[in-house]
Amino acid sequence: MDAVQAANSGHPGMPMGMADVATVLFGRHLKFDPMQPHWPDRDRFVLSAGHGSMLLYSLLHLTGYEDFDIDEIKNFRQLGSRTAGHPEFRNGAGVETTTGPLGQGFANAVGFAIAEERLRNRFGDAIVDHRTYVLVGDGCLMEGISHEAAGLAGHLGLSRLIAIWDDNGITIDGKVSLSDATDQLKRFEAAGWSVLSCDGHDPDAIDNAISEARAAHAPSLIACRTNIGFGSPNKEGTAGAHGSPLGDDEVRLARDAYGWQHGPFDIPSDIRDEWREIGLRGTEARTSWQLRLEALPAHKQAEFKRVIEGKPPKRLKSAVSLVKSEAAAANAKVATRKSSQTVLSAVNPIMPETVGGSADLTGSNNTLTPDLSTFGSMSRSGRYIYFGIREHAMAAAMNGMALHGGVRPYGGTFLCFTDYARASIRLSALMEIPVVYVMTHDSIGLGEDGPTHQPVEHLAMLRATPNLNVFRPCDGVETAEAWEVALTEKCRPTVIALSRQSVPTLRSNHTTRNLSLKGAYMLQEAEAPRKAILMATGTELQVAAAARATLEAEGIGTRLISMPCWELFEQQDEKYRRRILPRGPARVAVEAGVRQGWDRWLCGERGVERKAGFVGMEGFGASAPGDDLYKHFGITAAAVAEKVKSLL
């Protein structure tokens, strides 16, 4: 109450209503050590109902997390504080994930539980033996992502996952009954969950429910019937306690109701000591775990440390280099989605931490390799997840896996369906975690499926997202380079946009250097005096290359630039960018998407609008064979050459 009141902003009701549940969970069940907050075998606690962030911050402060001292609590929701309005990963140890968009934390928790199962199978339960607890609200369970995530968790039998539902019957608009009549217990039971209920203000009932859930052979949902704003004489059980401060008068009345005689932020020493004792209980378990880890053979200790720290194996670079050299030597026409599978076939055997999957498009995304077996309820040794038609939950679960550590998740769907995964992709970028999104069928080139499946605005949308690398490789060589960057990245997620249709190998001269790491590079220099620069990505690079040949034959010197990743090019110094895009020549960009974003490279970076052009899409696609569509929409070598000549 005090922190929300001081900030004059926040959600006091949920923390007040769930304080009893949280006290029992942290005091009797949760395995953690504030002195070593990143201990790999700690239980994970996820606050999916992130608007109730003061509950989490209070718990972290009381149990002794160094990052959350009393000054941080006093500075709730203030600029530069660790105690942001909604929990933010990297703001402070003890915050396992960024939550706020409802349902995301719940789906993240599914990913945490998957990672725990996978690592326990690999390293044994002496080293990996923990649970994931997630606190959800009515809003989390209304969001569609909860249906996807619950179905996946039930199917996979994630028995180490326990969801605790703040069943208070209130949303911002008022009673839940205004908008929903779902029997959540029956819904989760139908999805294969163990379901329990208890009085959320009875500590013994809460304790018994959590104990029963811990013993279940399926993921568990505990419905804790609570009163939002518990203890507030006039706002308890109402929407008035949900999304705004209680007010000074109501806070005083609540203090009286609790018999609390202490001032704001004043915690009596006996209560503080009792909470700190709770925080110290995990020290013994963590120390015992450390001894078990040190008893492992040296090579197994080193491997565990490597994957937990997210370091790629030393053999990765040579494996990728071999794929590149073979692709250059073969000089074949191959779809980049198939090239991606070739890279994964080389990488997965030497990176046992990879966990792949697809949202029911395995054969289209080419995300499965011969060495990967299925991860399922009966087999935790598998590393391939059939996510089903659940793009949103797949992306959010991969976020959870990456946050847990020890695994490198990648998952596939069609590029157009980034719409369904958008919220989770944004959170990957916000949290700075290295999830890899394999997005195939990346343009009108996919053909007959038509405009519902043909992405035109999606590259622009993804490139507009801060801290997200978007690769669109032109051939098998660039595809291998994109994967090398993605698998060595520590703080940025990656989207790799791949083609359905075959493309020629444009990088036929092998080099061990990763040219795509620069984001853009010169593929072919002008032979005649340079008058034009062509820029392209992905499948349209072949179109630009053909246009260049036409222009050179007519005496128009043309440089060809491949731009597989704008974000990496933006990071290069001015000298390199000037070398690639010098002042003077006309510039034309070619991409089977909308123009949005391209003007940075056409008109900026020493370019001028009157000498800039774009060949691409101006609207949605159509249903027809891919080659016909390129002609219909004017994305041809002839059109590119004419565009250049019109600017000279």
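Note that the structure is predicted; figures quoted are calculated from it, not measured.

> Let's hear about the overall build of the chain: which residues, and what values?
Helix and strand counts for the chain stand at 26 helices and 20 strands. For the chain, the C-alpha radius of gyration of 27 Å lies close to 26 Å, the compact-globule estimate for 648 residues. With the principal axes as the frame, the chain shows a C-alpha extent of 90 × 55 × 45 Å. Among the 648 residues that make up the chain, the fraction classed as buried is 60%. Taking contacts inside the chain between residues at least 6 apart in sequence as the whole, the part at least 24 apart equals 78%. Entry remark: accessible area of the chain is about 24,700 Å², with carbon and sulfur atoms responsible for 50%. Considering the chain, the positive charge centre built from 69 side chains and the negative charge centre built from 77 side chains are found 9 Å apart.

> Go over unusual backbone geometry with me, naming the residues and quoting the values.
With phi around 55°, N8 is a residue other than glycine that occupies positive phi space. Positionally, N8 belongs in the loop between α1 (2-7) and α2 (13-29). Using a relative accessible area of 58% as the deciding quantity, one classes N8 as exposed. With a phi angle near 65°, D360 is a residue other than glycine that sits in the positive phi range. Counting through the fold element by element, D360 comes out in the loop between β9 (354-358) and α16 (362-365).

> Tell me what's going on with the sheet that holds strand β6 (residues 194-199), and back it up with residues and numbers.
Pairing between sheet strands relies on hydrogen bonds along the backbone, with the strands arranged either parallel or antiparallel. Strands sit in the order β1-β2-β3-β7-β6 across an open sheet of five strands; the sheet is parallel. Pairing within the sheet leaves two strands with one partner each, and these edge strands are β1 (44-47) and β6. Between one strand and the next, the sheet's axes are offset by a mean angle of 20°, whatever the strand orientation. In the sheet, strand β2 (residues 132-136) pairs with strand β3 (residues 161-167) via five bridges, with the strands oriented parallel. Bridge pairing in β3 places V136 opposite W165.

> Tell me what's going on with helix α14 (residues 316-330), and back it up with residues and numbers.
The end-to-end C-alpha separation of α14 is 21 Å, in line with the 21 Å expected for 15 residues at 1.5 Å each. Packing partners of the buried residues in α14 comprise α15 (336-347) and α20 (476-488). The positive-phi residue at the C-terminal boundary of α14 is N331, with phi of around 50°.

> With reference to specific residues and values, describe helix α26 (residues 637-647).
Given 3.6 residues to a turn, an α-helix orients residues that are three or four positions apart in the same direction. Residues V640, A641, V644 and L647 constitute the buried set of α26. For α26, the buried positions fall inside an angular range of 125° around the axis, keeping them on one side. Structural note: α26 exposes A638 and S646 on the side pointing more than 90 degrees away from its buried face. Where α26 is buried, its residues touch β17 (530-536), α21 (540-553), β19 (586-590) and β20 (612-615).

> Mind laying out the sheet that holds β20, listing which residues take part and the relevant values?
If you trace the five strands from one edge of the open sheet to the other, you get β16-β18-β17-β19-β20, paired in mixed fashion. Only two strands of the sheet have a single partner each, and these edge strands are β16 (521-524) and β20. Adjacent strand axes in the sheet meet at a mean angle of 30°, parallel and antiparallel pairs treated alike. Here β19 runs beside β20; their pairing, made up of four bridges, is parallel. Directly across from A589, in β20, lies its bridge partner F614.

> I'd like a rundown of the packing of aromatic side chains, residues and numbers included.
Applying the stated criterion across every chain, the model contains 19 aromatic pairs. Taken together, the ring pairs in this structure connect W566, F569, Y576, W598 and W601 into an aromatic cluster. Over the ring of W566 we find R463; its NZ or CZ atom is 3.8 Å from the centre of that ring. Just above the ring of Y576 sits the side chain of K518; from NZ or CZ to the centre is 4.9 Å.

> Tell me what's going on with the pairing of β1, and back it up with residues and numbers.
Of the two faces of β1, both are covered, the one formed by R44 and V46 as well as the one formed by F45 and L47. The sheet contact formed by β1 and β2 spans four bridges and is parallel. Among the inter-strand pairings, R44 is bridged to a residue of β2, identified as T132.

> Any details on the nonpolar core? Residues and values, ideally.
A general feature of soluble globular proteins is that nonpolar side chains tend to end up buried together. Core analysis: the largest hydrophobic core is formed by 110 residues, its most contacted members being F45, F106, L161, I164, W193, I222 and M401. Among the elements that make up this core, the one with the highest residue count is helix α5 (residues 104-123) (ten residues). If we ignore the near neighbours within four places in the chain, the residues touching M401 are G111, F112, I114, A115, V355, I385, F387, V407 and P409.

> Explain the pattern of salt bridges to me, using residue names and the numbers behind them.
Overall, the coordinates contain 41 salt bridges when judged by the stated rule. Between R225 and D167 there is a salt bridge, and its shortest N-O distance comes to 3.0 Å. You can see R225 sitting in strand β7 (residues 220-225) and its partner D167 sitting in strand β3, a full 58 residues away along the chain. Residue R225 is classed as partly exposed on the basis of its relative accessible area, which comes to 46%. The buried category is assigned to D167, whose relative accessible area is 14%. Put simply, R383 and D371 hold a salt bridge, and the shortest N to O gap is 3.9 Å. Here R383 is found in the loop between α16 and β10 (384-386), whereas its partner D371 is found in the loop between α16 and β10, with twelve residues between them in sequence. Assessed through its relative accessible area of 10%, R383 is described here as buried. Accessibility expressed as a relative area gives 34% for D371, which makes it partly exposed.

How each quantity is defined
Residues numbered from 1 in each chain as written. Predicted model: local features only at pLDDT ≥ 70, side-chain atom pairs only at ≥ 80, totals over all residues. Heavy atoms only, no water. Helix = DSSP H or I, 4+ residues; strand = E, 2+ residues; numbered from the N terminus. Rg over C-alpha atoms; globule rule 2.2 N^0.38 Å. Buried < 20%, exposed > 50% of the residue type's maximum accessible area, 1.4 Å probe, protein only. Contact = heavy atoms within 4.5 Å. Areas by Shrake-Rupley, 256 points an atom, 1.4 Å probe, with all protein chains shown as cover. Lys, Arg positive; Asp, Glu negative; His and termini not counted. Charge placed at Lys NZ, Arg CZ, Asp CG, Glu CD. Pairing = 2+ DSSP bridges. Axes fitted to C-alpha atoms, helices over the stretch in contact; angles between N-to-C directions. Expected span 1.5 Å × (residues − 1). Arc of directions from axis to C-beta. Phe/Tyr/Trp six-rings, centres within 6.5 Å; stacked < 30°, edge-to-face > 60°. Lys NZ or Arg CZ within 6 Å of the ring centre and 35° of its normal. Core = buried A, V, L, I, M, F, W, Y, C linked by side-chain atoms within 4.5 Å. Salt bridge = Lys/Arg side-chain N within 4 Å of Asp/Glu carboxyl O.

Read these as layout, nothing more, since geometry by itself doesn't imply function.
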